[in-house]
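Given next are the chains, with one letter for each unit.
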Amino acid sequence: MTAAHASMPRATPLAVLERTFGYDSFRGQQHEIIDHVVAGGDAIVLMPTGGGKSLCYQIPSLVRAGTGIVISPLIALMQDQVDALAALGVRAAFLNSTQDAGQRALVERAYREGELDLLYLAPERLAVESTTRLLDEGRIALFAIDEAHCVSQWGHDFRPDYLRLSVLHERWPTVPRIALTATATEVTHREIAARLDLGTARHFVSSFDRANIQYRIEAKNQPLQQLLSFIRTEHDGDAGIVYCLSRASVEKTAAFLTEHGIPALPYHAGLDARLRAANQARFLRDDGVVMVATIAFGMGIDKPDVRFVAHLDLPKSVEGYYQETGRAGRDGLPSTAWLAYGLQDVVQQRRMIQQSEGTPEFRRRLGANLDAMLALCETVDCRRVQLLSYFGEEFAGGDRCGNCDTCLAPPEAIDGTIPAQKLLSTVVRLWRERQQRYGAGHIIDILLGRETDRVTQQRHDQLTTFGIGADLSEAEWRGVVRQLLAQGVLGVADDGYGTLVITEASAAVLSGQRPVRLRKEPERPARGGRKAKIVQELPREAGGLFEALRAWRATRAREQGVPAYVVFGDATLRGIAITRPASLGELASISGVGEKKLEQYGAELLELVRA
Ligand code: ADP
Ligand code: ZN
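Per-chain numbering applies: the sequence of each chain, read as written, is numbered from 1 onward. Labels follow written order: the first chain is A, the first ligand is 1, and so on. This being a predicted model, a pLDDT of at least 70 is required before a residue's local features are given, and a value of 80 or more before pairs of side-chain atoms are given or counted; all residues contribute to the totals for chains, interfaces and linings. The basis for every side-chain value is the complete set of heavy atoms in the structure, and neither hydrogens nor water enter the calculation.

Asker: I keep staring at the overall build of the protein chain and nothing clicks. Help me out?
Answerer: Secondary structure elements follow DSSP: runs of H or I of four or more residues count as helices, runs of E of two or more count as strands, with numbering from the N terminus. Counting secondary structure elements, the protein chain contains 28 helices and 17 strands. Projected onto the principal axes, the alpha-carbon positions of the protein chain cover approximately 90 × 60 × 45 Å. For each residue, the accessible area found with a 1.4 Å probe, counting protein chains only, is set against the maximum for its type, and the residue is called buried under 20%, exposed over 50%, and partly exposed in between. Considering the protein chain as a whole, with its 611 residues, one finds that 55% of them fall into the buried category. At a minimum sequence separation of 6, the contacts of the protein chain that also span at least 24 residues come to 72%. In what follows, a contact means two residues having at least one pair of non-hydrogen atoms within 4.5 Å.

Pasting the structure below:
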């Protein structure tokens, strides 16, 4: 044990921040939260991913006497969390089902002897009497309940074991508790307070804005090509996550990227557990790996240098979208959230909702979630402003953020009433005159006046709307259909074929009572271009050193079997590359260089900078 806090158990939070973590100031509400918990208060902390929640319980655990007990559902990540702390000189360990009796006994002894600053536990451990007895045999500094939204039965990550956590308060009423989550909805917030018996806790709600993430949503044409070009032009060599809806498309996309020279790995629930774990480990440990995954991948992945999150399919809700995109740029450096979405997404998701099991109430909620997501996709306003307002927050910077596609290349809002009427009346005529229903492709053929086999066989060239839409291109028509579906002015039949039908709202459009506003895509969609890429953002002299430092870091990480960011984060390497420290003192002043790492790597790094 070399870290300074061991010899000075009552160090101040700021001193621990500087010496152990190597950071010079607290972020946002960290200081207030930490002071509150150090003083013995309970807290509920809502902070976005990357906001810096971990320090809020790690520092109080180091400052208060005893061991901080961290309840976390993420067994697969405990080893990495403990390794990262060990690299800082913090004495941390975990108890979970992956250990054998011998390993467990060692940890238990260390806890009893007061040799641990932090102990990570899976929630199910607390159901076992031997665990609660063990806790009584040592000294508890605090309880941290991580991923506290797992207590919510309405949420997507519900863990029944979390409901039991109210025992903490009954059994250890004087030990402070801090519950943390990155889920922002009001419902979850209330459930956490109620179910964990945190009625008197102080609430700390941060802004959920992620200023370093650039949000972009574009029309889907050739998704794989679009994705490839996005990665190549903006994120070559960067780590990223690509989300797909189905296992099949995960496999296909990962294979496609690999063929084109991008190191990509698949992750979905259908893969063998060992392969899944191996792929996750490679993503965490190696630099620049792209993980192609279903939404089964991600909770708790605290890899700080994920530079982009791409969606090839429409997420089912704004909440899901925000959670997933939030995994980009936890280190605060520029990152991109990129989504490609098209007509098929809308048709498919509406169909899935119609066919889903569950009460009408449940389906209504799914429908409302989808509508909010579609509104975000089709907006001509700032994406960030809209995202934050979805979570009940007003964007502090006015009505334009300047770092989303609609701010960078504003789309036009145009009057689409006439095209909408042309399209709707085609759907109406086919149904009224012939009792026929078709999908978007055939309807568009009719509007464009194309004499396809089906058009001539069905004599659709005799409809009065045949050819009346030749003023728009096929792509433009697809955009019209997509947006009318998004606005609910057009619907999808529940026949499972994605055929188009009119809705209650259609009549008002046909009669001219309800105007239709459409989004006209900008000529050239916004590009982050060079801005998003950290190396390119560096002064030219620093770029070479940054790459050399990354290579050095990769070697050290591999030797120790830990993720690269456990050695140093990108932000720290960037700091070294720019300032070129010439002494240990200068090196120590760089953010992310604490005492332990200075001692371990200082001399080597100075040598590298000199060379
Ligand atoms: P969260 O758990 O809220 O998603 P983390 O606790 O993982 O976020 O923190 C995100 C990143 O920010 C980490 O790399 C962490 O080291 C860094 N960080 C947190 N607090 C600070 C701070 N005060 N100064 C500099 N970096 C910080
Ligand atoms: Zn914006």
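On we go from here.
Asker: Any chance you could explain the domain arrangement of the protein chain here in plain terms?
Answerer: When the parts come together, some accessible area is lost, and that loss is often what is quoted as the size of the interface. The start and end points of each domain follow an automatic or database-based domain assignment. Taken domain by domain, the protein chain holds domain 1 (13-205), domain 2 (213-341 + 379-409), domain 3 (414-520) and domain 4 (538-610). Computed over C-alpha atoms only, the centres of domain 1 and domain 3 are separated by 55 Å.

Asker: Help me out: how do you make sense of the pairing of strand β4 (residues 118-121) in this one?
Answerer: The side chains of a regular strand alternate between the sheet's two faces. Across the two faces of β4 the burial is the same, with L118 and Y120 and L119 and L121 all buried. Note on pairing: DSSP must find at least two bridges between two strands before they are called paired. As judged from the four bridges shared by strand β2 (residues 67-71) and β4, these two strands associate in the parallel manner. When the sheet's bridge partners are listed, I71 is paired in β4 with L121. Pairing analysis gives four bridges linking strand β3 (residues 92-95) to β4, with the strands arranged parallel. Residue pairing for β4: A93 is matched across the bridge by L119. Taken together, β3, helix α6 (residues 101-112) and β4 constitute a β-α-β crossover, and its handedness is right-handed. Place the viewer so that the strands point away; then a crossover is right-handed whenever the path from the first strand over the helix to the second strand goes clockwise.

Asker: Looking at this structure, I do not really get the site of ligand 1. What am I missing?
Answerer: Distances are taken per atom, and a residue is near a molecule or strand as soon as one of its heavy atoms is within 4 Å of it. Close to ligand 1 lie 15 residues; Y23, G50, K53, S54 and R330 are nearest. In this structure, an oxygen atom belonging to ligand 1 sits 2.8 Å away from a side-chain N or O atom of K53. Note that accessible areas follow from Shrake-Rupley with a 1.4 Å probe, and for residues the cover is restricted to the protein chains shown. When ligand 1 is considered free in solution it has 560 Å² of accessible area, and contact with the protein chains removes 83% of it. At three residues, helix α4 (residues 53-63) tops the list of elements feeding residues into the shell around ligand 1. Side-chain atoms alone can form a polar contact between residues adjacent in sequence; in general such a contact is a pair of N or O atoms within 3.5 Å, and within protein one must be able to donate a hydrogen while the other accepts it.

Asker: It is not clear to me how the sheet that holds strand β9 (residues 239-243) should be interpreted in this structure. Could you clarify?
Answerer: Within a sheet, neighbouring strands are paired by backbone hydrogen bonds and run either parallel or antiparallel to one another. Spatial strand order, β8-β13-β12-β9-β11-β10: six strands in an open sheet with parallel pairing. Pairing within the sheet leaves two strands with one partner each, and these edge strands are β8 (213-219) and β10 (264-267). Here the strands of the sheet are splayed against their neighbours by 15 degrees on average, with no regard to which way each runs. Inter-axis angles, ranging from 0 to 180 degrees, are taken between N-to-C directions of lines fitted to C-alpha atoms, where helices are fitted over the stretch in contact. With respect to the sheet, helix α10 (residues 223-234) is in contact with β8, β9, β12 (306-311) and β13 (335-341), its orientation differing from that of β13 by roughly 165 degrees.

Asker: Looking at this structure, I do not really get the coordination of the zinc ion (ligand 2). What am I missing?
Answerer: Protein coordination at the zinc ion (ligand 2) comes from C382 (SG), C401 (SG), C404 (SG) and C407 (SG), with a distance range of 2.3 to 2.4 Å. In primary-sequence terms, the residues that donate to the zinc ion (ligand 2) follow C-x18-C-x2-C-x2-C. Summarising the burial analysis for this pair, C404 and C407 share the class buried. Because water is not among the atoms used, a metal site may look incomplete, as its donors are only the N, O and S atoms within 2.8 Å, or 3.2 Å for Na, K and Ca.

Asker: Would you explain the sheet that holds strand β6 (residues 177-181) in this entry?
Answerer: Here seven strands make up an open sheet; going across it, the order is β3-β4-β2-β5-β6-β1-β7 and the pairing parallel. In the strand order of this sheet, the two ends are held by β3 and β7 (202-205), each with one partner. Between one strand axis and the next, the sheet turns through 20 degrees on average, direction left out of account. Sheet analysis places strand β1 (residues 43-46) next to β7, joined by four bridges and oriented parallel. The residue bridging V45 from the neighbouring strand is F204, located in β7. Running at roughly 160 degrees to β6, α4 makes contact with β1, β2, β4, β5 (140-145) and β6 of the sheet.

Asker: Teacher, can you tell me more about the pattern of salt bridges here?
Answerer: Each salt bridge in this description consists of a side-chain nitrogen of Lys or Arg and a carboxyl oxygen of Asp or Glu lying within 4 Å of one another. Enumeration over the complete set of coordinates arrives at 33 salt bridges. R610 serves as the salt-bridge partner of E607, at 3.2 Å between the closest nitrogen and oxygen. Here E607 and its partner R610 are both found in helix α28 (residues 595-610), three residues apart, which amounts to about one turn of the helix. Among the ionic contacts, a cluster of salt bridges with common partners joins D287, R307, D331, R553 and D570.

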